[in-house]
Amino acid sequence: QVQLVESGGGLVQPGGSLRLSCAASGSIFRINDMGWYRQAPGKQRELVARITSGGTTNYADSLKGRFTISRDNAKDTVYLQMNVLKPENTALYFCNADDAVFPWETRGYWGQGTQVTVSS
(Lines give C-alpha, C1' and ligand atoms only; values in the text may rest on other atoms or scores of the structure.)
Protein backbone atom coordinates (compact mmCIF):
# COMPACT_ATOMS: atom_id res chain seq x y z
CA GLN A 1 0.00 0.00 0.00
CA VAL A 2 1.02 3.56 -0.70
CA GLN A 3 -0.04 6.45 1.48
CA LEU A 4 -0.34 9.99 0.16
CA VAL A 5 -0.32 12.86 2.61
CA GLU A 6 -1.23 16.35 1.41
CA SER A 7 -0.39 19.59 3.14
CA GLY A 8 -0.38 23.29 2.48
CA GLY A 9 -4.06 24.07 2.14
CA GLY A 10 -5.78 26.86 4.00
CA LEU A 11 -7.62 30.13 3.78
CA VAL A 12 -6.23 32.77 1.43
CA GLN A 13 -7.51 36.06 0.10
CA PRO A 14 -8.28 36.49 -3.60
CA GLY A 15 -5.09 37.19 -5.50
CA GLY A 16 -3.00 35.30 -2.99
CA SER A 17 -0.88 32.18 -3.37
CA LEU A 18 -0.62 28.75 -1.81
CA ARG A 19 1.73 25.84 -2.31
CA LEU A 20 0.41 22.34 -1.82
CA SER A 21 2.64 19.36 -1.15
CA CYS A 22 1.93 15.65 -1.34
CA ALA A 23 4.36 13.01 -0.15
CA ALA A 24 4.05 9.33 -1.00
CA SER A 25 5.20 6.71 1.48
CA GLY A 26 4.76 3.04 2.26
CA SER A 27 5.36 0.06 0.01
CA ILE A 28 6.32 1.95 -3.13
CA PHE A 29 7.49 0.12 -6.23
CA ARG A 30 7.98 2.99 -8.64
CA ILE A 31 5.82 6.11 -8.74
CA ASN A 32 5.01 7.07 -12.31
CA ASP A 33 2.49 9.85 -12.88
CA MET A 34 1.42 12.09 -10.02
CA GLY A 35 -1.28 14.68 -10.06
CA TRP A 36 -3.69 17.02 -8.36
CA TYR A 37 -7.45 16.98 -8.63
CA ARG A 38 -10.07 19.06 -6.91
CA GLN A 39 -13.69 18.80 -5.92
CA ALA A 40 -15.87 21.76 -5.11
CA PRO A 41 -19.14 21.35 -3.19
CA GLY A 42 -21.83 19.94 -5.43
CA LYS A 43 -19.42 19.29 -8.29
CA GLN A 44 -17.51 16.34 -9.65
CA ARG A 45 -13.84 15.79 -9.02
CA GLU A 46 -11.81 17.34 -11.82
CA LEU A 47 -8.23 17.38 -13.01
CA VAL A 48 -6.04 20.27 -11.95
CA ALA A 49 -2.66 19.08 -13.22
CA ARG A 50 -0.59 15.95 -13.73
CA ILE A 51 3.13 15.33 -14.12
CA THR A 52 5.04 12.30 -15.35
CA SER A 53 8.19 10.98 -13.73
CA GLY A 54 10.08 12.62 -16.59
CA GLY A 55 8.56 16.01 -15.87
CA THR A 56 5.98 16.27 -18.63
CA THR A 57 3.01 18.27 -17.38
CA ASN A 58 -0.65 18.54 -18.24
CA TYR A 59 -3.01 21.21 -16.92
CA ALA A 60 -6.68 22.01 -16.93
CA ASP A 61 -7.04 24.72 -19.56
CA SER A 62 -8.57 27.23 -17.15
CA LEU A 63 -5.61 27.00 -14.79
CA LYS A 64 -2.70 27.28 -17.21
CA GLY A 65 -0.41 30.17 -16.34
CA ARG A 66 -1.51 30.47 -12.70
CA PHE A 67 -0.90 26.96 -11.37
CA THR A 68 2.39 25.08 -11.63
CA ILE A 69 2.93 21.41 -10.83
CA SER A 70 6.37 20.04 -10.00
CA ARG A 71 7.85 17.01 -8.29
CA ASP A 72 10.86 15.69 -6.48
CA ASN A 73 11.35 12.10 -7.62
CA ALA A 74 13.90 11.37 -4.92
CA LYS A 75 11.28 12.22 -2.30
CA ASP A 76 8.24 10.87 -4.18
CA THR A 77 6.68 14.25 -3.58
CA VAL A 78 4.55 16.40 -5.84
CA TYR A 79 3.86 20.11 -5.43
CA LEU A 80 1.25 22.52 -6.71
CA GLN A 81 2.05 26.21 -6.72
CA MET A 82 -1.15 28.20 -7.02
CA ASN A 83 -0.95 31.91 -7.79
CA VAL A 84 -3.53 34.65 -8.27
CA LEU A 85 -6.12 32.52 -6.52
CA LYS A 86 -9.79 33.22 -7.15
CA PRO A 87 -12.90 32.34 -5.10
CA GLU A 88 -13.84 29.78 -7.74
CA ASN A 89 -10.62 27.89 -6.93
CA THR A 90 -12.13 26.99 -3.55
CA ALA A 91 -12.26 23.21 -3.31
CA LEU A 92 -10.90 20.12 -1.65
CA TYR A 93 -7.64 19.32 -3.44
CA PHE A 94 -6.62 15.70 -3.77
CA CYS A 95 -3.27 14.18 -4.62
CA ASN A 96 -3.09 11.16 -6.91
CA ALA A 97 -0.19 8.84 -7.69
CA ASP A 98 0.27 5.83 -9.94
CA ASP A 99 2.57 3.13 -8.58
CA ALA A 100 4.01 0.74 -11.18
CA VAL A 101 3.86 -2.61 -9.40
CA PHE A 102 4.80 -4.42 -12.61
CA PRO A 103 5.49 -3.04 -16.10
CA TRP A 104 1.97 -4.12 -17.03
CA GLU A 105 0.23 -3.15 -13.79
CA THR A 106 -0.19 0.26 -12.23
CA ARG A 107 -2.10 0.95 -9.03
CA GLY A 108 -3.63 4.33 -8.36
CA TYR A 109 -3.74 5.93 -4.94
CA TRP A 110 -5.48 9.00 -3.53
CA GLY A 111 -4.76 11.25 -0.61
CA GLN A 112 -7.38 12.42 1.86
CA GLY A 113 -7.47 15.92 0.43
CA THR A 114 -6.50 19.36 1.66
CA GLN A 115 -9.00 22.21 1.75
CA VAL A 116 -8.26 25.40 -0.15
CA THR A 117 -10.58 28.31 0.56
CA VAL A 118 -10.24 31.59 -1.32
CA SER A 119 -12.22 34.31 0.37
CA SER A 120 -11.91 37.86 1.59
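Counting of residues starts from 1 at the beginning of each chain's written sequence and follows it residue by residue. Two thresholds apply to this predicted model, a pLDDT of at least 70 for residue-level local features and 80 or more for giving and counting side-chain atom pairs, whereas whole-chain, interface and lining totals are computed over all residues. Computation of side-chain values covers all heavy atoms of the structure but excludes hydrogens and water.

This brings us to the state of the cysteines. Simply put, the disulfide is a covalent bond whose two ends are the sulfur atoms of two cysteines. Cysteine sulfur pairs qualify as disulfides if the two atoms are within 2.5 Å. Under the counting rule described, the total for this entry stands at 1 disulfide. Shown here is the disulfide that connects Cys-22 with Cys-95, its sulfur atoms set 2.1 Å apart. The sign of the S-S torsion, about -80°, decides the handedness of the disulfide formed by Cys-22 and Cys-95: left-handed. With Cys-22 in strand β3 (residues 18–26) and Cys-95 in strand β9 (residues 91–102), this residue pair connects regions lying 73 residues apart in the sequence. Overall, the relative accessible area of 0% leaves Cys-22 in the buried class. In this text, helices come from DSSP runs of H or I with a minimum length of four residues, and strands from runs of E with a minimum of two, each type numbered from the N-terminal end. Here the term buried applies to any residue with accessible area under 20% of the maximum for its type, exposed to any over 50%, and partly exposed to those in between, with areas from a 1.4 Å probe on protein chains only.

Next up on the list: the sheet that holds strand β7 (residues 67–72). Strand pairing in a sheet relies on backbone hydrogen bonds, with the paired strands running either antiparallel or parallel. Read across the open sheet, the 4 strands follow the order β1-β3-β8-β7; overall the sheet is antiparallel. The open sheet has two edge strands with one neighbour each: β1 (2–7) and β7. Across the sheet, the axes of successive neighbouring strands diverge by a mean angle of 15°, strand direction being ignored. By definition, two strands form a pair when at least two bridges between them are found by DSSP. Fitting a line to C-alpha atoms yields each axis, with helices limited to the stretch in contact; the angle taken between N-to-C directions then spans 0 to 180 degrees.

With that settled, the discussion passes to the nonpolar core. Residues grouped as a nonpolar core are buried Ala, Val, Leu, Ile, Met, Phe, Trp, Tyr and Cys residues, joined through side-chain atoms within 4.5 Å. Among the nonpolar cores identified, the biggest contains 29 residues, and Trp-36, Leu-80, Met-82 and Tyr-93 are the most heavily contacted of them. Breaking this core down by element, the ones donating at least two residues are β1, β3, β4 (31–39), β5 (46–51), β7, β8 (77–82), β9 and β11 (114–118). Two residues qualify as a contact provided that any one of their heavy atoms is within 4.5 Å of a heavy atom in the partner residue. Setting aside residues no more than four positions away along its own chain, Tyr-93 makes contact with Glu-6, Leu-20, Trp-36, Tyr-37, Arg-38, Val-48, Phe-67, Leu-80, Met-82, Gly-113, Thr-114 and Val-116.

This paragraph deals with the pairing of β4. Of all the 9 residues making up β4, 7 are buried; the element is thus mostly covered by neighbouring parts of the structure. Where β4 and β9 come together, 7 bridges link them in antiparallel fashion. Considered in β9, the bridge of Tyr-37 is made with Phe-94. Sheet topology note: the β4/β5 ladder contains 5 bridges and is antiparallel. Looking at the pairing, Arg-38 lines up with Glu-46 of β5. The hairpin turn running from β4 into β5, its antiparallel successor, is 6 residues long, and Gly-42 in that turn takes a positive phi close to 80°.

Among the structural elements, Gly-108 can be located in strand β10 (residues 105–110). Taking the C-alpha atoms as reference points, Gly-108 and Ile-31, 77 residues apart in sequence, are found 9.6 Å from one another. In contact with Gly-108, other than residues within four places in its own chain, are Ala-97 and Asp-98.

Okay, the pattern of salt bridges next. Here, a salt bridge means any side-chain nitrogen of Lys or Arg that lies within 4 Å of a carboxyl oxygen of Asp or Glu. Inspection of every chain in the model, using the stated rule, returns 5 salt bridges. Here Glu-105 and Arg-107 are joined by a salt bridge, their closest N and O atoms 3.1 Å apart. Residue classification places Arg-107 among the partly exposed residues on the basis of a relative accessible area of 37%. Put simply, Asp-33, Arg-50 and Asp-98 are held in one network by salt bridges that share partners.

Counting buried residues in β9 gives 10 out of 12 residues, a clear majority hidden from the surface. Sheet analysis places β9 next to β11, joined by 3 bridges and oriented antiparallel. Across the sheet, Leu-92 pairs through a bridge with Gln-115, a residue of β11. Between the end of β9 and the start of β10, which pair antiparallel, lie 2 residues.

Read these as geometric descriptors, not functional statements.
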